[in-house]
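# An overview of the molecular structure
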Amino acid sequence: MTTAPLAAAVSAPTPSPSPMPRYIRMHDNDNVAIVVNDGGLPAGAVFGDGLVLREAVPQGHKVALVDIAAGAPVLRYNVAIGTAARALAAGSWIAEAEVVMPAARGLENLPVGTRGQQALEPLEGYTFEGYRNADGSVGTRNILAITTTVQCVAGVVEHAVARIKAELLPKYPNVDDVVGLEHTYGCGVAIDAPGAEIPIRTVRNISMNPNFGGQAMLVSLGCEKLQPARLFPKGSIPIANNGGEVAHVCLQDQAHVGFMSMVASIMQTADRQLAQLDLRRRETCPASELVVGMQCGGSDAFSGVTANPALGFATDLLVRAGATVMFSETTEVRDGIDQLTARAASPAVAEAMIAQMAWYDAYLTRGGVDRSANTTPGNKKGGLSNIVEKAMGSIVKSGSSAISGVLAPGEKLTRKGLIYAATPASDFICGTLQLAAGMNLHVFTTGRGTPYGLAAVPVIKVATRTELAKRWHDLMDLDAGTIASGEASIADVGWELFHMLLAVASGRKTWAEQWKLHNALVLFNPAPVT
Ligand code: CA
C-alpha cells in the first residue's frame with residue numbers, strides 16, 4: 001500500500017459542507033485527486049489551494065494536481081494506477097482514456113512479512129449479545145436453515161418454508177426466521193472434476209453457519225449426483241451439533257405418497273428443529289466472537305476514499321478486539337498482491353495468498369479474460385479508470401494489521417484475526433462463500449447503490465456518498481460521505497461502524513432485514529456442467 005498511513009488530505013479546511021470546490025488526495029505523493037462536490041465542478045472552478053480546473057470534471061473523477069508528462073505515472077494511494085496517455089496539464093480532467101493500465105504484477109519475488117508485523121494494541125471491554133452454540137461458535141441471529149442437495153427440490157422446499165413461516169414459526173417466539181438454502185448445484189454437473197469440491201464444501205459449510213445453531217436439516221431428492229453422504233460425509237458435522245447427525249427428508253422416499261405427504265414430512269422435521277432452536281437465548285459475548293465478512297459492490301471513486309477507509313479503520317478495531325475479519329474479492333485485490341504479501345503474518349500465509357491468486361489467474365486465462373474484465377460501466381461512470389485504481393480502493397478495507405490466514409473458496413475459518421478469504425468479486429458469490437466460512441455479520445460498501453441483502457446474516461450497507469445515503473435513506477445503514485464533506489473523519493465513521501456492528505450483532509435490524517431483502521445464494525462452481 002502506501003509507505004505512510006493514508007491520511008486523506010481535504011483541500012478546504014471548512015468543517016461544514018459548502019459549495020466551495022473540494023478535492024480529496026489520498027496520499028502526499030499523489031499527483032491526482034478526486035473532485036468531491038455533488039454534481040461535479042465546471043471549468044474555471046478554483047480550489048482552496050489555487051488550483052484552477054481547465055475543464056468540467058464530474059463528481060468522483062480525477063483532476064491532475066500538477067503537470068503530468070506523457071508516459072509518467074498517474075499516482076493515487078501512492079501507487080501508479082497507470083501512466084498518462086498524453087501530457088496532462090494541472091487542472092485537467094483525467095478521463096479513463098488518459099490512463100494506460102499497467103501490466104499485472106507477477107507473482108514472483110514478492111516481499112513477505114515486511115509490514116504490519118507489530119501487533120496492534122489490544123482493545124478490551126467491548127461485548128455484544130449473541131447466541132453461543134455448542135460447537136463454540138456464536139450466532140447473531142436464530143434461524144432454521146433447510147439445506148438442499150439439488151435444485152430439483154427447490155419448489156417443494158419453497159412451498160414448505162412458506163407454510164412453516166405461517167403455521168409453525170409463531171409457536172417459537174425465540175426463532176427469527178426460516179430459510180431454504182436453495183442453489184443450482186447438485187445434478188447435471190461433473191461431480192468428480194477438479195474444482196467440484198468448491199460448491200460441495202460451500203453448501204456443507206453454510207449449513208453449519210453459526211446463525212443456524214447447529215441444527216442442520218436437509219431435504220434431498222433421491223437420485224441426484226450430490227448424495228447426502230457426499231454432502232455430509234461421516235464426521236463432517238461436529239458431534240456437538242445434534243450428535244453429528246443431520247435431520248433428513250428424502251422426497252423420493254417410498255413413504256411419500258404425493259406432494260402433500262412430502263410437505264408434511266418437511267414440516268414435522270422442521271417442527272422438531274424449531275423446538276430446539278427456540279431454546280437458544282442471547283448472552284453477553286466478547287467482541288472477539290464477531291466474524292465479519294466485508295465486500296464492496298457498485299463501487300465508485302468514493303469507495304476508496306470514504307467507506308472503505310472507514311471500514312479499514314473498523315477492521316483494525318475488530319482485530320484489536322480479537323475478532324475475525326475477512327476480506328475477499330480476488331480480482332479486486334490482485335493488483336495489490338505485493339502490499340498483501342508484505343503484511344502476511346508468516347511466509348506460509350504469503351505462499352497461500354500467492355497460490356490463491358495464481359489459481360485465479362489461471363481460471364481467468366482459461367475463460368479467455370484477464371482481471372480487466374472486473375470493472376463495470378457504473379464503476380467507470382463513477383470515476384474509476386481501471387482495475388488497478390479499483391483494487392487500491394478495495395484493499396483499504398483490510399486496514400493495517402498483519403494478515404493471519406488464508407481460506408480457499410468455500411472453506412471454513414479455523415483461526416481469528418484478519419483473513420484473506422479468496423472469492424470472486426461477484427457480490428452474490430462472495431457473500432455465499434463468506435457465509436460458508438462462518439461469518440455472522442456482513443459489511444457491504446457501495447457508491448453507485450445496491451439493495452443487496454442476505455437471508456442468513458445481517459448485512460450493514462455503507463454508502464460512500466451522502467447524496468446516495470439521503471436518496472436511499474431506507475436502504476443504507478451508514479453514511480460515510482461525511483468524510484468527503486469534511487463533517488467527519490475516517491476515525492469518526494470507523495468508530496460509528498464498530499458500534500453499529502455490535503448493535504446489529506445484538507439484534508438491531510438492518511434496513512435489508514427490515515424490508516426482508518435478500519439475494520440468492522450463488523455457488524462458485526469452476527468445474528464443468530454436463
Ligand atoms: Ca463484490
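Residues numbered from 1 in each chain as written. Predicted model: local features only at pLDDT ≥ 70, side-chain atom pairs only at ≥ 80, totals over all residues. Heavy atoms only, no water.

## So, the side chain of T450
- Residue placement: T450 occurs in the loop between β20 (441–446) and β21 (459–463).
- Among the residues examined, T450 registers a relative accessible area of 15% and is labelled buried.
- Within the structure, the side chain of T450 is placed 3.1 Å from the backbone nitrogen of Y452, a separation counted as a polar contact.
- In this structure, T450 is in contact with G297, F444, K461, W472 and M476, ignoring residues within four places of it in sequence. (Helix = DSSP H or I, 4+ residues; strand = E, 2+ residues; numbered from the N terminus. Buried < 20%, exposed > 50% of the residue type's maximum accessible area, 1.4 Å probe, protein only. Polar contact = N/O pair within 3.5 Å; in protein donor to acceptor, adjacent residues only side chain to side chain. Contact = heavy atoms within 4.5 Å.)

## Considerations on the coordination of the calcium ion
- Within the first shell, the calcium ion binds the protein through Q295 (OE1), C296 (O), E329 (OE), A425 (O) and D427 (OD), at distances of 2.3 to 2.6 Å.
- Sequence spacing of the donors to the calcium ion: Q-C-x32-E-x95-A-x1-D. In this pair, Q295 sits in strand β16 (residues 291–296) while A425 sits in the loop between β19 (417–421) and α11 (427–437), placing the two residues 130 residues apart along the sequence.
- Of the residues examined, Q295 reaches a relative accessible area of 0% and is grouped as buried.
- Relative accessible area serves as the criterion here: at 11%, A425 is assigned to the buried category. (Donors = N, O, S within 2.8 Å, 3.2 Å for Na, K, Ca; no water.)

## Describing the packing of aromatic side chains
- All told, the structure shown has 13 aromatic pairs when counted by the stated rule.
- Measuring from centroid to centroid gives 6.1 Å for Y126 and W495, while their planes differ by 45°, and the two rings are tilted. Residue Y126 is found in the loop between β8 (99–100) and β9 (127–132), and its partner W495 is found in helix α14 (residues 490–505); the two are separated by 369 residues along the sequence.
- An aromatic cluster of three or more residues is present, and its members are W359, Y360, Y363 and F524. (Phe/Tyr/Trp six-rings, centres within 6.5 Å; stacked < 30°, edge-to-face > 60°.)

## Describing the sheet that holds strand β15 (residues 283–286)
- If you walk across this open sheet you meet the 3 strands as β10-β9-β15, and the pairing is antiparallel. Single-partner strands in this sheet number two, and they are β10 (138–139) and β15.
- As paired elements, β9 and β15 share 4 bridges and run antiparallel to each other. Note on β15: the bridge partner recorded for E129 is T284. (Pairing = 2+ DSSP bridges.)

## Comments concerning the nonpolar core
- Formed by 52 residues in total, the largest nonpolar core has its most connected members in L290 and L497.
- By residue number, the principal contributor to this core is α14, which donates 9 residues.
- When sequence neighbours within four positions are dropped, the list of residues in contact with L290 reads F128, L318, A323, T324, N440, L441, L502 and A505.
- Within the second largest apolar cluster, 27 residues are counted, among which are V157, L168, M217 and L277. (Core = buried A, V, L, I, M, F, W, Y, C linked by side-chain atoms within 4.5 Å.)

## Comments concerning the domain arrangement of the chain
- Once the domains are mapped, the chain shows domain 1 (20–100), domain 2 (143–277) and domain 3 (291–514).
- Taken over C-alpha atoms, the centre of domain 1 sits 26 Å from the centre of domain 3.
- Taken residue by residue, the interface counts 19 residues in domain 1 and 23 residues in domain 3.
- Both sides together, the interface formed by domain 1 and domain 3 hides about 1600 Å², and carbon and sulfur atoms give 57% of it. (Domains from an automatic or database assignment. Buried area = accessible area lost by both parts, 1.4 Å probe.)

## Quick notes on the side chain of D427
- Looking at the element boundaries, D427 is found in helix α11.
- Buried within the structure, D427 lacks any salt-bridge partner; its nearest side chain of opposite charge belongs to K390, at an N-O separation of 7.7 Å.
- Ignoring any residue separated from it by four or fewer positions in sequence, one finds D427 in contact with Q295, C296, G297, F444 and Y452. (Lys, Arg positive; Asp, Glu negative; His and termini not counted. Salt bridge = Lys/Arg side-chain N within 4 Å of Asp/Glu carboxyl O.)

## Things to note about the pattern of salt bridges
- One pass over the structure, following the stated rule, counts 18 salt bridges.
- In this structure, K62 engages E389 in a salt bridge whose closest nitrogen and oxygen atoms are separated by 2.7 Å. With K62 in strand β4 (residues 62–64) and E389 in helix α10 (residues 387–395), this pair connects stretches of sequence that are 327 residues apart.
- Given a relative accessible area of 0%, K62 falls into the buried group.
- The exposure class of E389 is buried, given its relative accessible area of 1%.
- Linking E389 and R76 is a salt bridge whose minimum nitrogen-to-oxygen distance equals 2.7 Å. In this pair, E389 sits in helix α10 while R76 sits in strand β5 (residues 73–76), placing the two residues 313 residues apart along the sequence.
- On the accessibility criterion, R76 (2% relative accessible area) is buried.
- Here the residues in one salt-bridge network are R132, E283, E289 and K416, joined through shared partners.

## Quick notes on helix α5 (residues 303–320)
- Between its terminal C-alpha atoms α5 stretches 24 Å, which fits the 26 Å expected from 18 residues at 1.5 Å a residue.
- Most pronounced at P309, the bend in α5 amounts to some 30°.
- Counted residue by residue, α5 has 16 buried out of 18 residues, so it is predominantly covered.
- Downstream of α5 by a residue or two, G322 has a phi angle that is positive, lying close to 90°. (Expected span 1.5 Å × (residues − 1). Bend = angle between axes of the 7 residues up to and from the residue.)

## Section: the environment of E121
- With respect to the helices, strands and loops of the structure, E121 is situated in the loop between β8 and β9.
- C-alpha separation for the pair E121 and G213, spaced 92 residues apart in sequence, amounts to 33 Å.

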